[in-house]
Structures are given as C-alpha cells and as structure tokens.
Amino acid sequence: MIPRPMAPQLPPTPDRELLLWMYERMGLVREFEERLRTLVERGVPVGPVHFYTGQEAVAVGVCAALRSTDWIASTHRGHGHCIAKGVDVRPMMAELYGKATGTNRGKGGSMHITDTRVGMLGVNPIVGMGTPHAVGAALSARVRGTDEVAVAFFGEGAASMGVVHEAMNLASIWTLPVIFVCENNGYAQATPVEYAVAADRIADRAAAYRMPGVTVDGQDVLAVWEATEAAVRRARAGGGPSLIECLTYRYYGHHQGDNALRYRLAEEERAARERDCLRCYRAVLLAQGFEAAALDAGDTRNRERLDAAIAFAEASPVPGPEELLADVYAEEVHG
Amino acid sequence: MSAVAATRELTFSQAINDALRLEMRRDPSVIVMGEDVAGAAGRAHLGLVDAWGGPLRATVGLITEFGPQRVLDTPISEMGFVGAAVGAAMTGLRPVVEIMFVDLIGCCYDQIMNQAAKMHYMMGGQLDLPLVIRTAYGTHGFKRTYGGGAAAQHSQTLYSVLAHIPGLKVVVPTTAYNAKGLTIAAIRDPGPVVIMEHKFLGGAAKGPVPDEAYTVPIGRAEVVRRGTDVTLCGIGRMTHVCLEAAEALAAEGTSAEVVDVLTLAPLDEATILESVSRTHRLVVVDEDTPTASMARDIAARVADQGFDWLDAPIKTVTAAECPVPFAAVLENLYAPNAERVRAAVRELTG
C-alpha cells in the first residue's frame, strides 16, 4: 500500500469572524487560568490543576478547524481543550470548586472535565489513555454513517506510551477520521523530551503508521489551524488519520505548586514567553488591519465571563450526600 | 398462541453466538471487536472469510451476516482496541469486545478499571457507557485432552480484580440458557459489563435454549438445587462442582442447597442470605485463588449480615494459593473439586 498523499493544500483563509473567534477564545483560556492561579493563591480548594497557559494556540487552532459535532479526547492538561471546544466556563469553574452545578456535578474536578454535548470526551489524567477513545469515536462516526472526525490530543510524554502507538495503528488500518495532535511542550513533568523520546521529531513517527505527519509552530495559532484544517479535510473525505506535532511551551510547572526552575533554566522560560502566542497573534491581527478596540472588546468580554463563572461557582451548592452513591451504575433500561 | 416456545439444544458458546446475532439484528449500533473474532481479516478476495470465530468460536459466522464494518478483527493491541470500544460506547455504539483470555487483562486494565468503570460516575452521569467485555477464563487441564492445562498465564480466573472496581458489572454464566440471557442483558445494559466465560463450559455446557431473545437479569443469583442442611455457593464452573457434590452428599444423607451466584458485581446478597437463613451453613466454592477473592468476600458479607443464622463457621473452597501449574496432576490439586467440597461440608455437619 502506498501512503495516501495529503489533499492538495489550498491556501487556507480563515474568515474575519473565525480570526476574531480564535483571538477571543485564546484569551478566554488565558483568563480562565490567570483567575484560577489567583484562586489557588487565595487558598480556594480547586484540587490539583495542570495549567495550560502558554499552549493556548494549540487547543484553539485545532478546535477552530472542527465542528461542534466533532469529537476531542483530551489530556490531563485539558482546560484549553475544553474551552476551545465550547465547554461553558461557568460549569467548568463550578466543577473545580466541587459544586453540584459543575460539568461533572462535582465528581470529576479539573482532571475529568467532560461535556459530551459539545463533543468533549473528557480530560484524562492517565497519560495517553484518551487517544484510543478518539479512535473509537471515529469508528462510531463511521458505523453511524456520519462525517464526524475525532481529535486525539496527547503530550510528547504520552508519545512514549504504547497505547498511543496502538491507537495510531488502529486508526490507520481502519482508515479512520482521527487527527492525532501531539502537544510537544518539552517536558513530561520534569523529564525533557530530548532525553525521553528517541526521535528528532515526534511527527516522524507518523511514517511508521502510514499516515502523514507534520511539525508546526504551536505558538502560531494560524499555523496550527492550517495544519488541522488540512488534516480534517482529508479525514472527512475518507483519507484516514494524520499526526500533527505542535511545538509549544508551558509557562508554569507540571501542576500548581511545581517549580519548573528545578528542571529548566530561567533563560529558556524567558525566551519562550517572548513568543507568547496571544501577544504574537494580536500583533498579526493588528498588522492585518483589525482595530485594537475590537480585540480589547474580546478581552473585556472574557473578564466578564470569568467574573460570572467565579460568582456562579461560589454561589452554587455543594453536592448532597445522596450524590456519593449516585451514578455508580447507569440507569437500567429494561426491555 | 402460547404454544411451546421453540428451543434448540445449544452449547454455552453457541448460545452466546445466538445472543450476539439476535442483538446485532435488533440494534445496528451493536458491533463486535477483538482478536480473530472473525479471522482471515481482509482475505475475502481469496475466498477466506471467518477463519476463526474467537477462541471459543462464540463469534463464528457473525462477519458473514453483518460484514467487516460491524465485526472487526483487531491487531494484538488490547489497550488500543478496548480503549477504542470505550470511545465508541461514549459516542453512540454498543461495542461487544472480546479479550481472548482474562489473563490478558493486564494488557488493557487501565481502559477497564480507570476508564470504562468510572466514566459514568466521574462524569456526573452525563453519559452511558454500554460496553460489553467478553473473556474466557479458568483451568481446563481436567479435560485431559492434553497432558496438562494451559498453565499460569492462560488458566486464571481473575474476576475478583474486576468485581473489585465500582462501576463494573461482572457476570459468570453457567449454562447455555443463562449464557444467552445474560449476554443479551449485558448488551442492553447502559453500563460496562464483563462476561466471564469458562473455557470448559464453552463446549461442555449444553442445554435447551429458546430461539427468541430473552434476558436473564444481571445482579440476581439463582437457587439451582433445593436443600436443607447446607448452602453451597458456586461461581461459574464451580456451580457444576457444587451440584456434583450435592448429589454425592444426598447419597450420604446430607441435603445441600446450591446457589449459583451468576453475578459477582453487583452481588445478590439477598438470595445467598435467604438460603443461609434456612440451611444455617455455608460453603463458598470459587476457582479463584483465596486472598482478596469473591469467596472470602461472600463469606465476609454473610458473617456480617447473617451471623445469627449460622450454626457453623463459613467454609471456603478455593484454588490453591499459587500460580496455575501445568501438569495435569498438579492442576487437579490446584482447582476445587466435588470431593473437596464434600470434605468441607463434612467438617461443618460433623
């Protein structure tokens, strides 16, 4: 079998509305986590959280190329994926507060946020384990006769998990509409990628599974969008899976409280922040003629969204004791 | 028109095949996947189709009727395909996935215990996970078809490590009739259900099976022999061992009741306790190794809730506390048999 070539790439042209949506949505992810850090500092018990800050262009660039009926399977670092796919920040915040109004009714927390109504199959803190879920969603889409596609987000740490390789092999032999998105942020907790991964580029591994693989600048939301858009088009047309490696950087430690300077240098952090995805994209939009006021208005809306989300979370009730044993099993359907 | 329902004599595995076929006809969202569930995948152009049909031949013929879209042979990648089944179940399908032998669950345990079992609860009940996992278990050297059995990595029972996880239902059918009914119930269940299929029963347990679809309720034990002096509680093939022991005990003047547990999780405590309330003695017979086993779990529950009914200590008859040995002579020492059950009963009835 000869690998199928990528569909001919027309120069992608996101329309004005989509360009603005990407800016505002990246800002929403950033705002969500900046607020979250202040909550952590204030001692609000939001549980263990893994900050996505710095990587916003990946989640938003990918999800901008998807429909609401498409599926994503996330990682432990999932806030960005949730918000980019359309999960409402109010129940998200309530979930972190452990409230009954949370996305998971207070039973999941940051590491399990899920909203299947918008195609978000779950933040998944067992590294790599969400990838076959995307394969299954794509299989399901085909059996159900739809043209939905599924995205499997995973980190460069998960790239060493067998399950990710099994998922890529399955998606390829079954020619399923899956886009594997590797967010290479350089560190699996405290282990650098150059130590742990026996490949120059994780995208190189695509060749082993007879699928196209590209490495893109994960700080450039348009580059991420363009690569994803091509992979989605190919997947919807029956061309099978693709692998996109996004080179990115997380600004903070592995989780709240982890001091990243124990395993990386301050100069490296500074250099990465100079290529901040939000600031760079804002500059691109301004250069394209967008008015600063239009972008600022998005920033303002995001602050208001987070004001509302925190107020909602704080005002919401905690789960009742009956919730402890509710939903261990799904409701029996007889007949 | 309630004429006698049409029945056929089927083996346990044929009954499961019948269940899968009927449910796949009834519901287009039911798919079957696993290693060699058909066999000769992709070789239809050479006239080679359906070469294998699973280790117990329970899926034979399904690909011919339902095609490769719904009957998927997988590569040897349990974590990947069980994970794919989880994803498919989250998005509108009802996958029935086969793990060839329960000994292989180590290769996909995360998808079962961290993913499938917990999804519904952890996600606040927002999604169902109608997933069925079928797997073969148990020793089979006693068949004497080989010099020995399949040894330590292909003969285990291991259902206790599944029943232990909240959210998983685990059923252990014992006859062709309840194998079909429990399989249909499992497919229709909105949550993950593991069906444990004993290798020996697959071909050996034969019986009349109604042609139509029917369910045997999950979560219910069954009294399969009435008695007054002692309750023998059996799991899977051990239920047949209990029945054999009960027959021998009857000849000695001891009347044994036999409870077929059928579902390990959620366990039907009520039926077991009700039986013990009448017989006042309990022997639990389990092919699994004893530490942290279902046998000891059942014994602990009865001690906790039925102590006042007991006239004697509860006995457990389990496999030996060691890996499953190969040689037939050793394997026969490893697994419980009717003689060991009788010996345990004699200790109780003095």
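No experiment lies behind these values; they were computed from the predicted model shown.

**Looking at the overall build of chain A**
Secondary structure assignment for chain A yields eleven helices and seven strands. Relative to its length of 335 residues, chain A is compact, with a C-alpha radius of gyration of 20 Å against a globular reference of 20 Å. Considered along the principal axes of its C-alpha atoms, chain A spans approximately 60 × 60 × 40 Å. Long-range pairs, those at least 24 residues apart, make up 76% of the contacts in chain A between residues at least 6 apart in sequence.

**Quick look at the interface of chain A and chain B**
Listed by partner, the interface residues are 38 residues for chain A and 37 residues for chain B. Breaking the side of chain A that touches chain B down by element, the ones donating at least two residues are strand S1 (71-73), helix H5 (131-143) and helix H6 (162-173) of chain A. Among the elements that make up the side of chain A that touches chain B, the one with the highest residue count is H5 of chain A (nine residues). Looking at side-chain class alone, the side of chain A that touches chain B contains 20 nonpolar, twelve polar and six charged residues.

**Considering the environment of histidine 76 of chain A**
Residues and elements named next belong to chain A. Residue placement: histidine 76 occurs in the loop between S1 and helix H3 (79-85). For histidine 76, a count of 22 C-beta atoms within 10 Å translates into the label buried. Considering only alpha carbons, one finds histidine 76 and glycine 155, 79 residues apart in sequence, at a separation of 9.3 Å. With residues up to four places along the chain from it excluded, the contact list for histidine 76 reads His50, Met111, Val123, Asn124, Pro125 and Val127.

**A few points about the nonpolar core**
Counting residues in hydrophobic clusters, the biggest one holds 203 residues, and the most contacted among them are Ala138, Ala152 and Val178 of chain A together with Leu232 and Val341 of chain B. When residues of this core are assigned to domains, at least three fall in each of domain 1 (7-210) and domain 2 (222-349) of chain B.

**Quick notes on the sheet that holds strand S6 (residues 213-217) of chain A**
Where strands meet in a sheet, backbone hydrogen bonds hold them as pairs that are either parallel or antiparallel. Residue and element names in this part refer to chain A. Pairing is parallel across the open sheet formed by five strands, whose spatial order is S1-S2-S3-S7-S6. Each edge of the sheet is formed by a strand with only one pairing partner; in this case those strands are S1 and S6. The mean inter-strand angle of the sheet, taken between neighbouring strand axes irrespective of direction, is 20°. Looking at chain direction, S6 and strand S7 (residues 242-247) are connected through five bridges and run parallel. Bridge pairing in S7 links valine 214 to isoleucine 244.

**Considering unusual backbone geometry**
Between alanine 265 of chain B and the following residue, proline 266 of chain B, the backbone shows a cis peptide bond with an omega angle of -5°. Along the polypeptide, proline 266 of chain B turns up in the loop between strand S12 (263-265) and helix H9 (269-279). Positive phi, close to 55°, is recorded for glutamine 189 of chain A, a residue that is not glycine. Its location among the elements puts glutamine 189 of chain A in the loop between strand S4 (187-188) and strand S5 (191-192). Take glutamine 189 of chain A: there are 12 C-beta atoms within 10 Å of it, and that puts it in the exposed class. Located in the positive-phi region is alanine 151 of chain B, a residue other than glycine, with phi close to 70°. For alanine 151 of chain B, the position within the fold is in the loop between strand S5 (132-137) and helix H5 (160-163). Taking the number of C-beta atoms within 10 Å as the measure of exposure, alanine 151 of chain B has 18 and is therefore partly exposed.

**Examining the domain arrangement of chain B**
The parts lose accessible area when they come together, and the size of an interface is often stated as this lost area. Residue and element names in this part refer to chain B. The domain boundaries assigned to chain B delineate domain 1 (7-210) and domain 2 (222-349). For domain 1 and domain 2, the distance between their C-alpha centres works out to 27 Å. Taken together, the contact pairs 28 residues of domain 1 with 27 residues of domain 2. Residue assignment for the side of domain 1 that touches domain 2 shows that the elements contributing at least two residues are H5, strand S6 (169-171), strand S7 (193-198) and helix H7 (199-204).

**So, the sheet that holds strand S13 (residues 282-285) of chain B**
Residues and elements named next belong to chain B. Read across the open sheet, the five strands follow the order S9-S11-S10-S13-S14; overall the sheet is mixed. The open sheet is flanked by strand S9 (222-225) and strand S14 (315-317), the only strands paired with a single partner. Recorded for the sheet is a direction-independent mean angle of 25° between the axes of neighbouring strands. Taken together, the five bridges between strand S10 (residues 230-234) and strand S11 (residues 256-260) define a ladder with parallel strand orientation.

**A closer look at H9 of chain B**
All names here are of chain B. Within H9 the residues assigned to the buried category are Ile272, Ser275, Val276 and Thr279. Taken down its axis, H9 places every buried residue within 100° of arc, on the same side. Looking at the packing, one finds that the buried side of H9 touches S9, S10, S11, S13 and helix H10 (294-306).

**Some remarks on the packing of helix H1 (residues 16-42) of chain A against helix H2 (residues 56-63) of chain A**
Residues and elements named next belong to chain A. Where H1 meets H2, the axes come as close as 9 Å, and the angle between the chain directions of the two elements is 135°. Taken together, the axes of H1 and H2 lie oblique to each other. Where H1 crosses over H2, the two elements pack in a sense that is right-handed. Here Met22, Arg25, Met26, Val29 and Arg30 of H1 come into contact with H2, specifically with Glu56, Ala57, Ala59, Val60 and Gly61. The residue inventory of the contact of H1 with H2, partitioned by class, reads six nonpolar, one polar and three charged.

**Some points on the packing of H2 of chain A against helix H8 (residues 221-236) of chain A**
Residues and elements named next belong to chain A. Remark: H2 packs on H8, axes separated minimally by 8 Å, with the N-to-C direction vectors making an angle of 35°. Where H2 crosses over H8, the handedness of that crossing is right-handed. Between H2 and H8, the contacting residues are Ala57, Val58, Val60, Gly61 and Val62 on the first element and Val221, Val224, Trp225 and Thr228 on the second. Residues of the contact of H2 with H8, tallied by class, amount to seven nonpolar, two polar and no charged.

Parameters and conventions
- Residues numbered from 1 in each chain as written.
- Chains lettered and ligands numbered in written order.
- Predicted model: local features only at pLDDT ≥ 70, side-chain atom pairs only at ≥ 80, totals over all residues.
- Helix = DSSP H or I, 4+ residues; strand = E, 2+ residues; numbered from the N terminus.
- Rg over C-alpha atoms; globule rule 2.2 N^0.38 Å.
- Contact = placed C-beta atoms within 7 Å.
- Nonpolar A, V, L, I, M, F, W, Y, C, P; charged D, E, K, R; others polar.
- Buried ≥ 20, exposed ≤ 12 C-beta atoms within 10 Å, placed from the backbone.
- Core = buried A, V, L, I, M, F, W, Y, C linked by C-beta atoms within 7 Å.
- Domains from an automatic or database assignment.
- Pairing = 2+ DSSP bridges.
- Axes fitted to C-alpha atoms, helices over the stretch in contact; angles between N-to-C directions.
- Arc of directions from axis to C-beta.
- Parallel < 35°, antiparallel > 145°, perpendicular 65-115°, else oblique.
- Left-handed = near helix turned anticlockwise from the far one by under 90°.

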